[in-house]
Structures are given as structure tokens and as C-alpha cells.
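Geometric and topological summary
Below are the chains, spelled out letter by letter.
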Amino acid sequence: MIGQKQGWASLKCLRLLRCHTECLAFVKRCGQPLYPENTSSDRNSEYLIFEKEGVYLHTNAKRSNQDTSIPGFIRIVERAGLPALEWSPLEHDSRNAPAVLYSKKDGDGGEEDTNFDPGYEPDWAVISTVKKEREHVPVKNSGQWAFSLPLSELYSLRRSRFSLGRNFLVLTSRGGHPLPPLHFHRGGTRELLRALQRYIILDPSPLDGRLFLAYPQDSGTLPQSFDRLQFLDDGGNDLVSRFIHDPYATTFGGFSKVTNFFRAALRPPESPIHTRTPQDPSLPPQSDEEPGFELITCGVELGPKPDVTRGPPLDKWEEFLDSEGRVTCPEKIKELVFRGGITHSLRKEVWKFLLGFYPWNSTAKEREDILRVKTDEYFRMKVQWKSVSEEQEMRNSLLRGYRSLIERDVNRTDRHNTFFSGNDNPGLTLLHDVLMTYCMYNFDLGYVQGMSDLLSPILFVTQNEVESFWCLTGFMELVHQNFEESQEAMKQQLLQLSILLKALDPELCDFLDSQDSGSLCFCFRWLLIWFKREFSFEDILTLWEVLWTRLPCENFHLLIACSILESQREELIGSNHDFNTILKHINELTMKLDLQTVLRGAEAIYLQLFLCKELPVMVKQVLGLYVPPSSEEESPDSQASETQRLLSQSQEGAAASNPACGPSYP
């Protein structure tokens with residue numbers, strides 16, 4: 001027995017000695033040239049500063065024979081005094097001696113040093129962008145998945161953890177392109193951040209506790225001019241308007257440059273760097289679980305969702321008209337439409353008011369005059385394209401392109417609907433003519449794919465060429481920016497949707513981030529054509545008229561998206577989907593969603609956020625609830641009383657049978 005104990009003790013000592021020897025070897029290797037034979041001069045020296053194994057890259061590969069999760073090393077390597085962050089896969093044939101893969105700098109000569117096929121371009125490959133007076137160094141891809149990013153080109157770093165307890169980092173280059181998320185299966189994010197702080201400043205964002213902006217520690221920062229900082233690179237005269245439109249980007253793109261300009265300039269060269277982390281970085285490293293590094297969550301302390309009931313559709317119209325045919329209480333009508341939609345018999349008449357064909361305060365006689373004027377105007381525009389000869393059109397590539405797109409889309413728009421089914425259907429002719437005339441009405445925008453989806457329900461309801469055209473123009477006033485070539489409006493809406501989802505369900509956001517889906521690009525089609533492909537044709541009629549009321553806020557369509565995503569959270573997280581399967585699952589929701597459930601969920605989300613006493617300003621801005629501090633439009637007491645009215649109204653289901661005017665939904 002004694003001999004056995006001595007044997008175990010000896011074995012244990014040997015293991016400890018071996019571990020100690022490996023640690024000493026690693027410490028010696030850190031800070032030493034990786035390749036001594038190539039270090040005849042400091043210029044060619046290469047130093048390994050940091051190394052961590054067990055960092056996985058989720059490739060989201062589309063081919064079934066490719067791994068979707070690749071183990072590898074994350075390293076900080078310094079070459080000729082220039083540090084870079086690199087990731088390389090753990091190769092099966094060299095696990096004991098992994099090499100640092102990198103691309104040689106331009107001008108150094110030689111070919112790329114890689115063990116992979118350099119001709120393959122992964123889906124997430126970063127493309128460098130060029131801005132005024134600055135050329136960003138692209139992220140270098142060494143092989144199929146390995147990459148090397150100079151720390152001078154690191155723009156931001158986002159650290160998150162989802163329900164499985166695993167940490168992951170999302171890096172973004174100064175070119176504006178994110179790298180695939182790096183998953184730390186064995187911990188180590190704290191140590192990596194400490195090592196990075198030897199070379200760069202990691203400044204936590206005041207808006208998102210998990211986001212760090214990277215700034216160089218440059219002793220020559222002070223001589224930089226404000227022009228070099230590009231503080232007003234888009235022109236200073238609209239700084240305020242840009243801040244109101246996009247406070248996140250404007251704040252980080254401008255004011256943070258000045259803050260860190262002086263911070264870097266005034267710091268003594270040898271002074272330590274401090275970041276606002278929950279625990280002092282000078283303390284000993286924590287375990288792989290890293291409990292002390294949990295950052296401020298983006299979630300908001302929300303109360304329970306109020307119970308919301310839907311009401312019956314609007315089925316009375318004459319009771320809302322005075323003796324001259326003027327609508328006496330348009331806000332009450334909008335409220336009833338929002339609560340329950342419109343019956344089929346009244347839909348055509350009410351839609352013309354909701355979409356601006358008729359003003360709400362117009363009399364019956366005035367509406368007759370409006371119809372006559374709009375009819376004449378429509379046919380004048382229609383004649384413009386109808387009178388273009390084939391020879392003229394051959395010299396008008398823009399009009400020819402619009403016609404080609406329209407003819408192609410008309411032939412595949414809602415052909416299952418009897419109004420558009422079959423060949424030589426007059427409904428298809430009307431669809432074509434209205435879209436061609438819209439090109440004359442708005443030639444700058446012309447026709448963009450998806451606009452036929454917006455027109456077909458309107459044409460189905462009105463069954464009138466002139467009325468459907470002017471109702472389409474009213475609809476396009478709300479969504480025309482969705483179809484602009486820059487896609488800025490779509491990007492802004494996806495950002496706003498992300499802001500809402502982070503406040504509602506940060507765990508779901510973390511999971512989507514971990515699967516390279518944090519941009520919510522799979523919601524693009526939802527927002528572009530207002531869920532036209534997600535619900536049945538009849539449901540879309542109800543959904544759109546609800547959205548046209550602009551109640552309870554102009555971005556209610558974003559709350560619709562949040563309601564759908566919340567209904568799918570267990571499926572998304574529980575099934576551990578990756579990027580491709582998330583996209584596949586979302587696309588397969590088509591015609592499987594219950595509209596009334598989604599509408600109740602969206603309104604409940606609005607009321608839940610409305611009741612939050614400490615709602616972030618950015619969320620208030622998305623919901624239209626933000627009131628500048630100098631404004632005295634509403635007092636806190638009046639806001640509280642309005643909240644109680646909304647709650648009681650949602651629970652009562654809105655007494656649709658009462659035509660009397662009442663307070664409108666704010």
C-alpha cells in the first residue's frame with residue numbers, strides 16, 4: 001500500500017513537473033522570436049505575445065461536407081513592432097506544434113505563407129473599404145479560414161455570453177466589416193483583453209456595456225488635426241440632424257474621437273491603462289468561467305406583458321359622417337381599425353382615407369371634385385408612356401428596363417388569387433399599367449422589385465385603376481425609402497429592430513450574435529414589403545390597414561417583427577440553429593403565423609415598453625416616445641394617466657359598437 005501511494009505521488013510530481021516545464025517553455029516563447037533563424041534584424045523579428053487554444057470559429061458553411069465549427073488558436077503576434085491579432089485552425093497533423101499563419105506585408109516580397117487553398121473565398125471574407133484621406137489595411141485571410149488583423153485596423157470588439165455560458169467575441173475592422181464570431185470554449189477572453197491593452201485602448205461604450213471601441217496608443221496623437229480625426233467628415237453643418245437621426249453612429253463616429261484624442265495625448269507614456277470593467281484588470285486571472293467579467297446587460301427591467309384583446313372590425317361608416325359627408329372623428333375610426341380591422345364591405349372606402357386619396361375633412365361634394373381631378377392627372381401620366389414608340393424606347397434604356405422588370409414581376413405576382421390568375425387576365429393588365437404609370441409619377445425611383453407586391457392587394461380591394469394608383473402613391477409615401485438604391489432606410493430599420501430586441505430579449509440577441517445573425521438580415525423581406533409574403537392574402541389586408549393607422553406608433557411594424565421573433569425564440573435557441581438554419585427556419589414561417597396572435601403580442605410589447613420607467617432613450621426614439629428635456633408638452637402625471645387609459649382600453653377590447661368620439665391611441 002505504501003509503495004502504491006509513493007507511486008501515485010511520484011506520478012503526480014512528474015505531471016506537475018511536466019506542466020511546470022511546459023509553462024516555462026511557453027513563457028520563454030512569449031516575447032521571443034518565433035523563427036530565430038529569420039531574425040537577423042529587428043525589422044524581420046516576429047514575437048508571440050499571446051496564445052490561446054480552444055477558440056472555435058463557426059463557419060456557417062453551406063456545404064454539408066464542411067465542418068461548421070473549427071477549433072483553433074487565437075494569437076497576438078508582433079512583427080517589426082507592428083502587432084496583429086490572428087486566428088488559425090488547429091490542424092490535425094500538427095496539433096503539438098501549431099504554426100502562426102499570416103500573410104507577409106506588401107512590399108516585403110515573397111508569396112503568402114499558407115497551408116490552405118488561397119483561391120477559396122469564404123462567405124465572411126472581409127473586403128476593405130477606402131475612405132477620404134485614409135486607406136484601411138484589409139484583414140488578411142491566410143488560407144480558408146485563418147485571418148490576420150493588424151491591431152491598428154481593429155475598430156470595435158463586442159463580448160457576449162448566451163445561455164450555454166460560453167463566451168464569444170465579435171471583431172469589426174475599420175473597414176466596417178465584422179469577422180465571424182470567435183467562441184472561447186475554454187475561456188480566455190479576459191486574458192486576451194488584457195494582452196490587447198498593451199497595444200490599444202479599449203473604451204467601453206456608454207450605450208452597450210458589452211461593446212468596446214479600439215483606439216491606438218499613439219504617442220504622436222497630439223499633432224493630429226481634427227481633419228485627420230474626421231470628426232466632421234460628413235460636413236459639420238448637419239451634425240445635430242445626424243445625431244437625432246442616428247445617435248449611436250454619430251456619437252461614436254464623432255465625439256468619441258475627440259475624447260480619445262485628448263485621452264491618448266495627455267496620458268504619460270508609461271502610465272497604465274485602465275478600462276471600466278467590473279473588476280480591476282490588475283487582479284490575478286480568473287478561471288475559465290470568468291464570473292467577474294460579466295458586463296452590463298442591454299436588457300431592461302421590464303414588467304409583465306399586459307393582456308391585450310382584439311376587437312371586432314369596423315362595420316359602421318355612415319354614423320361617423322356629418323350632414324355634408326365629412327368624417328367627424330377620424331381618430332376614433334383609426335382606433336377601431338387598429339383594434340379590429342375593417343369589414344370587407346367598408347374596406348375600399350376607408351382605405352382611400354387611410355392612404356390619403358381623400359382628406360379626412362373633405363365633404364362628399366369635394367370628394368367628387370378630387371376624384372375628377374385625380375382621374376385626369378392619372379391618364380395624362382399614363383399617356384406619357386403609352387405614346388412612346390418602340391423606336392423611342394430603344395433609345396431610353398431606363399424606361400425599357402422598368403418595363404422589362406414590371407412585365408416579369410406582374411406575371412408572378414399573386415397568381416393564386418382569382419383576380420390575377422390565368423392568362424390574359426384583365427387584372428394583370430391593370431397591375432402592369434398602374435406600375436408603368438407610377439414610373440412617370442416618380443421617375444427618380446421608377447420601379448423596384450417588390451412594388452408589385454404592394455400594389456396587388458390595393459388593386460384587389462379597389463378594383464379601380466385610378467383609385468388603386470393614388471392609393472399606391474399614398475402607400476409609397478410611407479415606404480418609398482425601402483426601395484432606394486442606397487438601402488439606408490432598410491439598414492436603419494434593422495438597427496432599430498436590433499435596439500428593440502436587445503431591450504426585450506438580450507439572451508436571444510446574444511444567441512443570434514453567436515451565430516453571425518445579429519444583423520437580423522433574415523428580417524429584411526419582412527420590413528421591405530411589410531410581411532406580404534409571410535401571411536395569407538386576406539390577413540395582409542387586415543395587417544396593412546392596421547399599420548396604416550400609424551397606431552400606436554409609426555414603427556409598429558418593427559414591433560410586429562419582435563412579436564414574431566419572440567414567438568420563435570425557444571425554437572431558435574433550443575435547437576441550436578446556425579446561420580443557415582436560422583434563415584431556413586424564418587423563411588419556412590411563411591403562411592404558418594397566426595395574425596391575431598402576432599398583433600396581440602406586438603401591442604403587448606408596446607405597452608410593456610411604454611410602462612417601463614427607465615426605458616433607454618434609443619428605445620424611446622424608436623417608439624416615438626422620446627421628449628427632449630426642454631419640452632413641456634406632457635408632464636409625468638399626464639403620461640401616467642395616459643398609460644392607465646391604454647391598459648384599461650386594451651383589456652376591454654375597445655367598444656367598437658360605440659361611434660362616439662373618444663381619446664385616440666397616442
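Residues numbered from 1 in each chain as written. Predicted model: local features only at pLDDT ≥ 70, side-chain atom pairs only at ≥ 80, totals over all residues. Heavy atoms only, no water.

Some thoughts on the confidence of the model for the protein
Scored by pLDDT, the protein has a mean of 74; 64% of the residues are at 70 or more. Here strand β4 (residues 130-131) stands out as the element of the protein with the lowest mean pLDDT, 30, in contrast to helix α17 (residues 537-548), whose mean of 98 is the highest. Segment residues 219-298: pLDDT under 50, and 109 contacts once partners within four positions in sequence are set aside and those in other chains are kept. Predicted confidence for residues 653-660 stays below pLDDT 50, and this span has 14 contacts to residues more than four positions away or in other chains. (pLDDT = per-residue confidence, 0-100. Helix = DSSP H or I, 4+ residues; strand = E, 2+ residues; numbered from the N terminus. Contact = heavy atoms within 4.5 Å.)

Concerning the packing of helix α8 (residues 364-386) against helix α11 (residues 426-441)
It is at 8 Å that the axes of α8 and α11 come closest, and there the two elements cross at 90°. With respect to α11, the axis of α8 lies roughly perpendicular. Across the interface between the two elements, Tyr 378, Met 381, Lys 382, Gln 384 and Trp 385 from α8 touch His 432, Asp 433, Val 434, Met 436, Thr 437, Met 440 and Tyr 441 from α11. (Axes fitted to C-alpha atoms, helices over the stretch in contact; angles between N-to-C directions. Parallel < 35°, antiparallel > 145°, perpendicular 65-115°, else oblique.)

Observations concerning the packing of helix α14 (residues 488-504) against helix α15 (residues 506-514)
Their axes nearest at 5 Å, the elements α14 and α15 cross at an angle of 125°. Here α14 lies oblique to α15, going by the angle between them. Listed contacts from α15 to Ser 498, Leu 501, Lys 502 and Leu 504 of α14 are Pro 506, Leu 508, Cys 509 and Leu 512. Among the residues making up the contact of α14 with α15, the classes are represented as six nonpolar, one polar and one charged. (Nonpolar A, V, L, I, M, F, W, Y, C, P; charged D, E, K, R; others polar.)

Topic: helix α7 (residues 344-354)
Every buried residue of α7 is accounted for by Leu 346, Arg 347, Val 350, Trp 351, Lys 352, Phe 353 and Leu 354. The inward-facing, buried residues of α7 abut α6 (330-340), α8, α12 (451-462), α13 (465-479) and α17. Two residues or fewer past α7, Gly 356 is found with a positive phi of approximately 80°. (Buried < 20%, exposed > 50% of the residue type's maximum accessible area, 1.4 Å probe, protein only.)

Some words on the packing of aromatic side chains
A complete count under the given rule lists 23 aromatic pairs for this structure. For the ring pair Tyr 402 and Phe 443, a centre distance of 5.8 Å and an interplane angle of 70° mean the geometry is edge-to-face. Residue Tyr 402 is found in helix α10 (residues 397-410), and its partner Phe 443 is found in the loop between α11 and α12; the two are separated by 41 residues along the sequence. Given a relative accessible area of 9%, Tyr 402 falls into the buried group. A relative accessible area of 31% means that Phe 443 is categorised as partly exposed. With 5.7 Å between their ring centres and 40° between their planes, Tyr 438 and Tyr 441 make a pair best called tilted. Placement of both Tyr 438 and Tyr 441 in helix α11 is noted, with a separation of three residues, approximately one turn of the helix. (Phe/Tyr/Trp six-rings, centres within 6.5 Å; stacked < 30°, edge-to-face > 60°.)

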